[in-house]
Amino acid sequence: MEPAARFRREVRAFQDAARQAAETGAAPPVPSCPGWSVADLLIHLGSVHRGVFSIIENRLDGPPDGSDLSFAGLPPDLTGWPDPQHAPNLGPIPDGVLDWFEEGAARLAELFDGRDAGDPAWTWSKEQTVGFWVRVQTIEAAVHRWDAENALGVPHPIHEDVTADAVTQTFEVMAPARREWTGAPAGAGERFRFRRTDSEGDWTVHFDGPDVRLSSGAGGGDFDVELAGSASDLMLFLWNRIPADGLDVRGDRDILDRYFVLVPPV
């Protein structure tokens, strides 16, 4: 499946979960995103989609100006809409919010379809391409689909063609970024091995001073602690969605406790 098609699939799955939540007559709280409801997820992800669309379409050299929300395409009358300043918004989800989200996601998917992955685009990372945004937004949609389903009590695993790439992306992109954004402490040589049990694949991550060094597919090697589980569960752990208790853990538990010190959630 093409990357843009995976984005469409994950966004549609999120939309389905959000509409199921709306049919309950309320916006359920999201246990995996403390302080947010499904309505807040819709506003967050919908705003991100429209921001990314503006970056690519308008060739911005940074994120959209937060003092001018015209890029978000909000209606003039926001009566009943969730207010990010007052999260969690637990009231009914207006149909207009769902329609607004779906319109913005469809526009972004169409834009992704019409661009090459290597086309230049500003991003918050070293990779300045449209392909970066397709990859990141597919992963984010998949995680928030799981969040929305989790709010309904029926979370399904992340699709296997997203999970393995998401684990790799964590160490190629997200972990270095989180460490820089939060001023995380220097690594002291900690080695974590993540081994998937539903197929072949493993990732060994070495924290050496400011650096995050990844090796994959080695099938072994030295490590201080190993976490084994399905690729979906490994991804969800790395995104701070499930605890390590849901995985098979071997090695030094004290080192394991340092993981989210070295890679703070944001």
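### Remarks on the pattern of salt bridges
Inference 1: Summed over the entire model, instances satisfying the criterion amount to 19 salt bridges.
Inference 2: With a closest N to O distance of 2.9 Å, R135 and D165 form a salt bridge. Placement of the pair is R135 in helix α4 (residues 130-152) and D165 in helix α5 (residues 160-182), with a sequence separation of 30 residues.
Inference 3: A residue is classified by how much of its surface remains accessible, and D165, at 32% relative accessible area, is partly exposed.
Inference 4: Here E226 ties to R193 by a salt bridge, and the two come within 2.6 Å at their closest N and O atoms. One end of the pair, E226, is in strand β4 (residues 225-229); the other, R193, is in strand β1 (residues 187-196), and 33 residues separate them in sequence. When sorted by exposure, E226 lands in the same class as R193, which is buried.

### Thoughts on the sheet that holds β4
Inference 1: An order of β3-β2-β1-β4-β5 is seen for the 5 strands of this open sheet, with the pairing classed as mixed. What marks the edges here is a single partner per strand, and that holds for β3 (211-216) and β5 (248-251). Pairs of neighbouring strands in the sheet enclose a mean axial angle of 20 degrees, with direction left out of account.
Inference 2: Where β4 lies against β5, 4 bridges are found, and the strand directions are antiparallel. Paired with V225 across the strands is G251, a residue of β5.
Inference 3: On top of the sheet, α5 reaches β1, β2 (202-209) and β3; it is set at about 170 degrees to β3, its chief contact.
Inference 4: In the packing of helix α6 (residues 231-238) onto the sheet, contacts are made with β1, β2 and β4, and the angle to β1 comes to roughly 150 degrees.

### Re the side chain of H144
Inference 1: Note on placement: H144 falls in helix α4.
Inference 2: Leave out the neighbours within four places in its chain, and H144 touches F14, L41, H44, L45 and R241.

### Here we look at the UniProt feature "domain: Mycothiol-dependent maleylpyruvate isomerase metal-binding" (unreviewed entry) in the chain
Inference 1: Look at the UniProt record and you will see "domain: Mycothiol-dependent maleylpyruvate isomerase metal-binding" (unreviewed entry) annotated at residues 7-148.
Inference 2: In residues 7-148, the share of helix is 52% and the share of strand is 0%. The end C-alpha atoms are 17 Å apart.

### With respect to the environment of D77
Inference 1: Mapped onto the elements of the fold, D77 is located in the loop between α2 (38-57) and α3 (95-113).
Inference 2: By relative accessible area, which is 53% here, D77 ends up exposed.
Inference 3: In this structure the side chain of D77 is engaged in a polar contact, spanning 2.5 Å, whose partner is the side chain of T79.

### Observations regarding the pairing of β3
Inference 1: Bridge count between β2 and β3: 6 bridges; the pairing is antiparallel. From the neighbouring strand, D208 faces β3, where its bridge partner is D211.
Inference 2: Connecting β2 to the next strand, β3, in antiparallel fashion are 1 residue.

### Here's the deal with the nonpolar core
Inference 1: Core analysis: the biggest nonpolar cluster contains 43 residues, and F14, L42, I56, I93, F101, F112 and W133 have the highest contact counts within it.
Inference 2: Elements represented by at least two residues in this core include exactly α1 (3-22), α2, α3, α4 and α5.
Inference 3: Considering every element that reaches this core, the biggest residue donor is α2, with 10 residues.
Inference 4: Those residues in contact with I93, other than ones at most four positions away along the chain, are A18, A22, A26, A27, V38, A39, L42 and L98.

### Structural notes on α3
Helical geometry note: an α-helix holds 3.6 residues per turn, so side chains three or four residues apart project in the same direction.
Inference 1: Between its terminal C-alpha atoms α3 stretches 27 Å, which fits the 27 Å expected from 19 residues at 1.5 Å a residue.
Inference 2: By the burial criterion, the buried members of α3 are V97, L98, W100, F101, G104, A105, L108, A109, L111 and F112. Looking straight down α3, one finds that the buried residues subtend no more than 160 degrees of arc, so they occupy a single side. Turned more than 90 degrees away from the buried face of α3 sit D95 and E110, all of them exposed.
Inference 3: Elements that come into contact with the buried residues of α3 comprise α1, α2 and α4.

Thresholds applied
- Residues numbered from 1 in each chain as written.
- Predicted model: local features only at pLDDT ≥ 70, side-chain atom pairs only at ≥ 80, totals over all residues.
- Heavy atoms only, no water.
- Salt bridge = Lys/Arg side-chain N within 4 Å of Asp/Glu carboxyl O.
- Helix = DSSP H or I, 4+ residues; strand = E, 2+ residues; numbered from the N terminus.
- Buried < 20%, exposed > 50% of the residue type's maximum accessible area, 1.4 Å probe, protein only.
- Pairing = 2+ DSSP bridges.
- Axes fitted to C-alpha atoms, helices over the stretch in contact; angles between N-to-C directions.
- Contact = heavy atoms within 4.5 Å.
- UniProt positions renumbered as here; feature names shortened; annotations may be inferred.
- Polar contact = N/O pair within 3.5 Å; in protein donor to acceptor, adjacent residues only side chain to side chain.
- Core = buried A, V, L, I, M, F, W, Y, C linked by side-chain atoms within 4.5 Å.
- Expected span 1.5 Å × (residues − 1).
- Arc of directions from axis to C-beta.

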